[in-house]
Amino acid sequence: MGKFKANLICILLLLLLLVFNFFEYTPFTINLSPSVPCGIYFVIPKIFQADYQKGDMVLFEVPVTIKQFMIQREYIDKNTYLLKQIQALEGDTYYVDDKAIHVNDEYVGDISTRDSLGRSIIPQYGKHHVNKGYFLPIGLNNKNSYDGRYFGEVPIKNIKNKVIPLIIFTGK
């Protein structure tokens, strides 16, 4: 009976892996970037996702208009999705001044004019409105995180999945 159970478990695990591959779904992602907490995140399957809300952590495809710049800077490779938090949605207003970004007149985080290697990055200075079908992604852990502070809003259709943290790595 023990061998039967072991074989049954193996078959079920193989079926589960086939289902994940069929739907191009990977249940976990690891983040080692300092822009959001480092750790292991559970990737929520699209069929279980409701509408996106401010504060949701999402994996998304970088817009084509900035992807080449990010690849040249070695922020990402061509197959990388970004993991950021949604800070603004349709109808929200965000403002970037010389020190910080504010959403709907509330402080969200600092800005920088240099990336982590000291290279110039240009914030999206001024007042902006998030358009219909778009969101503003921000990595709150690091003002040098190349995110909406520097490239603006992103189409919601670029979101691959919501994620939730499972294990967060703390300390050094």
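Look a little higher up for the structure.
Numbers given for residues are sequential positions, taken from 1 along each chain in its written order. Residues qualify for local features only when their pLDDT is at least 70, as the model is predicted, and side-chain atom pairs are given and counted only at 80 or more; totals for whole chains, interfaces and linings, by contrast, use all residues. To obtain the side-chain values, all non-hydrogen atoms of the structure were included, while hydrogens and water were left out.

**Section: the environment of R149**
Checked against the element boundaries, R149 lands in helix α3 (residues 148-151). Exposure remark for R149: the relative accessible area of 1% places this residue in the buried category. With residues near it in sequence (within four places) discarded, R149 still touches V96, I101, G109, D110, I111, P123, Q124, I138, G139, N142 and K143. N or O atoms within 3.5 Å of each other form a polar contact, as long as, within protein, one can give a hydrogen and the other can take it, and as long as residues adjacent in sequence are counted only when both atoms are side-chain atoms. Engagement of the side chain of R149 in a polar contact is seen with the backbone oxygen of D110, the distance being 2.7 Å. Polar side-chain contacts of R149 include one of 3.0 Å to the backbone oxygen of N142. Only runs of H or I of at least four residues qualify as helices and only runs of E of at least two qualify as strands under DSSP, and these elements are numbered from the N terminus. For the exposure calls, accessible area comes from a 1.4 Å probe over protein chains only, and a residue counts as buried if that area is under 20% of its type's maximum, exposed if over 50%, partly exposed in between. Contact definition: two residues touch when any of their heavy atoms are within 4.5 Å.

**A short note on the pairing of strand β9 (residues 134-138)**
Counting buried positions along β9 gives 4 out of 5 residues, so the element sits mostly inside the fold. Whether two strands pair comes down to DSSP finding at least two bridges between them. Pairing analysis gives 4 bridges linking strand β4 (residues 81-89) to β9, with the strands arranged antiparallel. Across the sheet, residue I86 finds its bridge partner in β9, namely P137. As defined by bridge partners, β9 adjoins strand β10 (residues 154-155) across 2 bridges and the pair is classed as antiparallel. Among the inter-strand pairings, F135 is bridged to a residue of β10, identified as V154.

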